[in-house]
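These are the residues of each chain, in order.
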Amino acid sequence: MTRWGHVTIAVLGGIAAALHIGKVPPAIPMLRSELGIDLVAAGWLMGLVSALGAAGGILIGRFTDYLTHRRAMILGLALLIAGSLIGALTHSQTVIFASRALESVGLIMVSVAAPGLIAASVEPRDMGLAFAFWGIWVPVGVSMMMMISPFLLPSFGWQGSWIFAALLSIVPMIALLVMRVPEQQGTGHPATSLLTAVKLTASRPVSWILSGIFAVYSASFMSVFGFLPTLLIEEMGIGLTAASILTALAVLANGVGNLIGGVFARWGAPRWVLIGGPCVMLSLTAFIVFGHSFPLWMRYGASVLYAVSGGVLPATIMGSLPVYAPRRDLVGTFSGFVMQGSNIGQVFGPMLLASIVAASGWHGAPFYIAAATGLGLVLALYLRQIERRIAAAPHETARPA
């Protein structure tokens, strides 16, 4: 029987972790003013999570498999709480970066451990819906923090946002501590070394396909929403607070897309369709978002549609993790490998778009998005071949390649 209470606790843990992503961008002006952080350092402060995830996601994922997923989530939230409180109590650039590194490790641990915990808590028929529910963790957590920050920052400064995120993270950590989970059954395999786990994961074509899809999706999504506040302020003449709230609402729409993806998955829609379809929609809506000839309200509406259609894709990928993992005891390792692709896209996507815009202006942006999502569509077609091969051999006992 599906334990939806366990799924809910895992999702709340993810949302709490995402608060620590959303707290940074609105606080950058204050951090620069109070701590003397330059623009490049501020960029690293925001991108440290992605950089660490790109470099070591699979290693952290393997550690969560070894530790067990529930304990890994508890440790991850504890690191987030500790890092956030340390950061709030310092006025040193060095300490704030060290505390942010601590938070980054905790956030990655939560993000790669939760899929394993969810997979162990649901029946196969509920897998798609459960992972669609998990998919809302980033949009809900980030948008919540972005909407609250304009009210926290004037009264309590950036330290107030850090403490607020830490306090809310205590709630799911306590829930995880008291959660009763069934004894982990043996997998029939001896203890797996790190090298063997990495080899088992990296030797499978589907690992690279899903990681690649996540990379191009993250590269395009972060490119659009990284620059959306600039478009709202500079081209639509909207104030900073209103622009933050409108951006947060658009990001929140991504969570709606996650749930839509889960419903379609439950209805039996092929995974490659739930990946390829959004890739096409992302390309089309990007031409409207960055199209200067369109009315401003239409461009913002296109950004919301971009977020909704894009949300279907990560929900589908996350639901694929326990299906395509080499073994049940390697879900965290597999998740870490796939999430490395996501983090690589987050690191390099906005940089590539900025270079293109600097060279050719904003009219070059949608062509960059189309190229990235076009690659995602090609990878979705490769995934289709794998799924057809699996469907053609339903009596094979081996897990899918």
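Bear in mind that the values here come from a model prediction, so they are computed numbers and not experimental data.

**Student:** Teacher, can you tell me more about the overall build of the protein here?
**Tutor:** Helix and strand counts for the protein stand at 14 helices and zero strands. Based on the C-alpha atoms only, the size of the protein along its principal axes is roughly 60 × 45 × 35 Å. Burial status across the protein gives 54% buried among its 401 residues. In the protein, the proportion of contacts linking residues at least 24 apart, taken out of those at least 6 apart, comes to 83%. Approximately 16800 Å² of the protein is accessible, and the part contributed by carbon and sulfur atoms is 71%. Charged side chains of the protein number 20 positive and 12 negative; the gap between the two group centres comes to 8 Å.

**Student:** Help me understand the side chain of histidine 20 in this model?
**Tutor:** In this fold, histidine 20 is placed in helix H1 (residues 4-22). Apart from the residues lying within four places of it in its own chain, the contact partners of histidine 20 are Leu80, Ser84, Arg100, Glu103, Ala165, Ala166 and Ser169.

**Student:** I keep staring at the environment of valine 357 and nothing clicks. Help me out?
**Tutor:** Tracing the chain through its elements places valine 357 in helix H13 (residues 331-360). A C-alpha to C-alpha distance of 32 Å links valine 357 and methionine 318, two positions 39 residues apart in sequence. Aside from chain neighbours lying at most four places away, what touches valine 357 is Trp362 and Ala365.

**Student:** Teacher, can you tell me more about the environment of leucine 353 here?
**Tutor:** Topologically, leucine 353 is positioned in helix H13. Judged by its relative accessible area of 0%, leucine 353 is buried. Considering only alpha carbons, one finds leucine 353 and alanine 242, 111 residues apart in sequence, at a separation of 25 Å.

**Student:** What am I meant to see in the packing of H1 against helix H7 (residues 137-178) here?
**Tutor:** Pairs of packed helices are described in terms of their axes, by the angle between the two and the distance that separates them. Two numbers describe how H1 lies on H7: the axes approach to 5 Å, and their chain directions differ by 155 degrees. In this view, H1 runs roughly antiparallel relative to H7, as classed from their interaxial angle. Of the two elements, H1 crosses H7, and the hand of that crossing is left-handed. Partitioned by chemical class, the residues of the contact of H1 with H7 number 22 nonpolar, six polar and no charged.

**Student:** How do you make sense of unusual backbone geometry when you look at a structure like this?
**Tutor:** For residues that are not glycine, phi is negative in most cases, and the peptide bond is trans in most cases. Positive phi is not limited to glycine here, since threonine 68 has a value of about 90 degrees. The topology assignment puts threonine 68 in the loop between helix H3 (39-67) and helix H4 (69-88).

**Student:** Even after reading the chapter, I still don't get the pattern of salt bridges, so can you show me in this structure?
**Tutor:** Counting across every chain of the model gives six salt bridges. Among the ionic pairs, aspartate 126 bridges to arginine 266, the shortest N-O distance being 2.6 Å. Here aspartate 126, found in the loop between helix H5 (93-119) and helix H6 (127-134), pairs with arginine 266, found in helix H10 (residues 240-266); they are 140 residues apart in sequence, far enough to count as distant. Residue class for arginine 266 comes out partly exposed when judged on its relative accessible area of 34%. Bridged by salt links that share partners, the residues Lys23, Arg100 and Glu103 form one connected network.

How each quantity is defined
Residues numbered from 1 in each chain as written. Predicted model: local features only at pLDDT ≥ 70, side-chain atom pairs only at ≥ 80, totals over all residues. Heavy atoms only, no water. Helix = DSSP H or I, 4+ residues; strand = E, 2+ residues; numbered from the N terminus. Buried < 20%, exposed > 50% of the residue type's maximum accessible area, 1.4 Å probe, protein only. Contact = heavy atoms within 4.5 Å. Areas by Shrake-Rupley, 256 points an atom, 1.4 Å probe, with all protein chains shown as cover. Lys, Arg positive; Asp, Glu negative; His and termini not counted. Charge placed at Lys NZ, Arg CZ, Asp CG, Glu CD. Axes fitted to C-alpha atoms, helices over the stretch in contact; angles between N-to-C directions. Parallel < 35°, antiparallel > 145°, perpendicular 65-115°, else oblique. Left-handed = near helix turned anticlockwise from the far one by under 90°. Nonpolar A, V, L, I, M, F, W, Y, C, P; charged D, E, K, R; others polar. Salt bridge = Lys/Arg side-chain N within 4 Å of Asp/Glu carboxyl O.

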